[in-house]
Amino acid sequence: AQSVTQPDIHITVSEGASLELRCNYSYGATPYLFWYVQSPGQGLQLLLKYFSGDTLVQGIKGFEAEFKRSQSSFNLRKPSVHWSDAAEYFCAVDSWGAAGNKLTFGGGTRVLVKP
Amino acid sequence: NAGVTQTPKFRILKIGQSMTLQCTQDMNHNYMYWYRQDPGMGLKLIYYSVGAGITDKGEVPNGYNVSRSTTEDFPLRLELAAPSQTSVYFCASTPQGEANTGELFFGEGSRLTVL
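Below you will find a few notes about this structure. (Residues numbered from 1 in each chain as written. Chains lettered and ligands numbered in written order. Predicted model: local features only at pLDDT ≥ 70, side-chain atom pairs only at ≥ 80, totals over all residues. Heavy atoms only, no water.)

### A short note on the packing of aromatic side chains
All names here are of chain A.
Thinking step 1. This model, assessed by the stated rule, comprises 16 aromatic pairs over all chains.
Thinking step 2. Here Phe 63 and Tyr 89 contribute two aromatic rings whose centre-to-centre distance is 5.6 Å and whose plane-to-plane angle is 50°, an arrangement assigned as tilted. One end of the pair, Phe 63, is in the loop between strand S7 (56–58) and strand S8 (64–68); the other, Tyr 89, is in strand S10 (residues 87–94), with 26 residues separating them in the sequence. Each member of the pair, Phe 63 as well as Tyr 89, carries the same accessibility label: buried.
Thinking step 3. Ring geometry for Phe 90 and Phe 105: centres 6.3 Å apart, planes at 90°, overall edge-to-face. Pair noted here: Phe 90 is in strand S10 and Phe 105 is in strand S11 (residues 103–105), with a separation of 15 residues, a long-range link. (Phe/Tyr/Trp six-rings, centres within 6.5 Å; stacked < 30°, edge-to-face > 60°. Helix = DSSP H or I, 4+ residues; strand = E, 2+ residues; numbered from the N terminus. Buried < 20%, exposed > 50% of the residue type's maximum accessible area, 1.4 Å probe, protein only.)

If you want it as structure tokens, here you go:
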């Protein structure tokens, strides 16, 4: 069965500093990978996704992620964090098949931004 | 465009009571999902549907029921509420076929407390 691990439950970062969120997955086939962000009291919004091709993918809000098959990782990065990036971030893998997209989520990483 | 709308946003139930969480989407999406979110656990799939009249169990279906009589609506029923069902529930949808980019569109969530 597929699974997703986000090792860091909380991360605190200063505004303007760089941010990296870790994600490791377990999946038997070629994975479809996603990062979603959840602002307080809101639903989830897609940041970026990886299906195939270039292993470095760009997303919204200045985020990027790198797929490393050898490490089963899909880490999310942002060079300079803004206070509005304080949120919870979820990595997910998709068992995309004939029965529709079914995401398996990691436990999430909550990001706090210090002024 | 309203997207995915969930009601109610908040609800407190007593043990043994029943209720229905409503979910409706106006994007003509065939695929719809119900997830529950618990702290540190990410989101877990409860039920999903690939079209009107078709539903199937996800990872954590026990204690819940769903129906899908129309493309727009996908209600989630709790028959005998238990404290273990205290959670935040998210409904999501995505289109079928070529319009499917893999992205799920989420509602804002329904926070349920069972006392």
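Having seen the structure, we can now continue with the description.
### Structural notes on the state of the cysteines
Residues and elements named next belong to chain A.
Thinking step 1. Taken as a whole, this structure holds 2 disulfides over all chains when the rule is applied.
Thinking step 2. The partner cysteine of Cys 23 in its disulfide is Cys 91, sulfur to sulfur 2.0 Å. Since a negative S-S torsion denotes a left-handed disulfide, the Cys 23-Cys 91 link at about -65° is left-handed. With Cys 23 in the loop between strand S3 (19–21) and strand S4 (24–26) and Cys 91 in strand S10, this residue pair connects regions lying 68 residues apart in the sequence.
Thinking step 3. Its relative accessible area of 0% is what places Cys 23 among the buried residues. (Disulfide = S-S within 2.5 Å.)

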